[in-house]
Amino acid sequence: MKRSIITTGDGSKTISLDEWNEQYHSKHGAIQEAYHVFIKHGLYASRKNSITILEIGFGTGLNALITLHEGIKRNVHIKYTGVEAFPVSPEEVNELNYVEALQVPQLDAAFKQMHSCNWEEEICLSPDFVLKKNKLDFRDISTKGEFDLIYFDAFGARVQPELWTQAIFQKMFNALKDNGILVTYSAKGSVRRAMDAVGFTVERLPGPPGKREMLRAIKK
Ligand SMILES: C[S@@+](CC[C@H](N)C(=O)[O-])C[C@H]1O[C@@H](n2cnc3c(N)ncnc32)[C@H](O)[C@@H]1O
């Protein structure tokens, strides 16, 4: 499928899948959305000083980069697992302007390393941030009770409804520890019901600019 790099409303870039009219991030602002959904309502809400995070759809590495940045600022020890089936190409990574847009030149090497490091191997990007990327279809995840927080960032249910089913959220529920949190930009009723059905306690929260609501699910 043809892919192109576009500039979103806050000046940060994202990847667009032209045929699906689907983007990796909100057209209103990639960084703005990532901060709102995953940092404000995920990382900050978990209030831990040592945390295990699973990202569903590692993609551009934007969520990992801002999590690294926030972790350093707040002295949080982070073990970050990113699952991705279709990695972005080195040419695409070169066009992403996240280090400049976030004004974090000190993380330039870490951002590059995130993309160049081997799959299925742990790497320390800072003394308190361990990354492991798994090249895997996330439907095949079978982990149990390992994560405090899940960033659920698959393409939308409009284009990939098969990734937002009860069976998938059962796997996410199983992968979380008790009181673990899953956050996603989606607020679709069918998604909320699928989360509900597997036992999550689901909250609707205000969405990032351009989106009325988002969902946060807790394994109580
Ligand atoms: C909405 S994009 C978000 C990516 C990433 N979180 C970011 O900020 O760039 C969704 C990602 O999920 C990946 N993906 C799609 N289907 C997948 C699957 N079945 N298993 C694993 N990854 C998948 C895509 O390749 C893409 O990188």
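Each remark here, short or long, concerns the structure printed above.
Note that the structure is a prediction, hence the values are computed from the model and not measured.

**Q** Would you mind going over the site of the ligand with me for this structure?
**A** Taken together, 20 residues form the shell around the ligand, and within it H25, G57, T60, E84 and D153 come nearest. Between the ligand and the protein, one listed contact pairs an oxygen atom with a side-chain N or O atom of H25 at 2.7 Å. A distance of 2.7 Å separates a nitrogen atom of the ligand from a polar atom in the side chain of E55. Protein burial of the ligand: of its 600 Å² of free accessible surface, 98% is covered by the chains. Its residues assigned to classes, the shell around the ligand comprises 9 nonpolar, 6 polar and 5 charged.

**Q** Explain the pattern of salt bridges to me, please; I cannot follow it from the model alone.
**A** Proximity of charged atoms lets side chains of opposite charge pair with each other. Applying the stated criterion across every chain, the model contains 13 salt bridges. The salt bridge involving R192 is made with D196; its shortest N-O contact spans 3.9 Å. Taken together, the residues span about one helical turn, with R192 and D196 both in helix α7 (residues 189-197) at a distance of 4 residues. Taken together, the shared-partner salt bridges connect K48, D148 and K177 into one network.

**Q** Can you walk me through unusual backbone geometry in this structure?
**A** Negative phi is the rule for most residues except glycine; trans is the rule for most peptide bonds. You will see that N75, though not glycine, has its phi angle at about 55°, which is positive. Examined against the element boundaries, N75 turns out to sit in the loop between α2 (62-74) and β5 (77-84). On the basis of relative accessibility, which here comes to 63%, the residue N75 falls in the exposed class.

**Q** Sorry if this is basic, but what is going on with the pairing of β5 here?
**A** Along a regular strand, successive side chains alternate from one face of the sheet to the other. Most of β5 is tucked away: 6 of the 8 residues are buried. Sheet topology note: the strand β4 (residues 50-56)/β5 ladder contains 7 bridges and is parallel. Bridging from a neighbouring strand, T52 pairs with K79 of β5. Assessed by its sense of winding, the connection that carries the chain from β4 through α2 to β5 is right-handed.

Criteria and thresholds
Residues numbered from 1 in each chain as written. Predicted model: local features only at pLDDT ≥ 70, side-chain atom pairs only at ≥ 80, totals over all residues. Heavy atoms only, no water. Near = heavy atom within 4 Å. Polar contact = N/O pair within 3.5 Å; in protein donor to acceptor, adjacent residues only side chain to side chain. Areas by Shrake-Rupley, 256 points an atom, 1.4 Å probe, with all protein chains shown as cover. Nonpolar A, V, L, I, M, F, W, Y, C, P; charged D, E, K, R; others polar. Salt bridge = Lys/Arg side-chain N within 4 Å of Asp/Glu carboxyl O. Helix = DSSP H or I, 4+ residues; strand = E, 2+ residues; numbered from the N terminus. Buried < 20%, exposed > 50% of the residue type's maximum accessible area, 1.4 Å probe, protein only. Pairing = 2+ DSSP bridges. Right-handed = clockwise from strand over helix to strand, strands pointing away.

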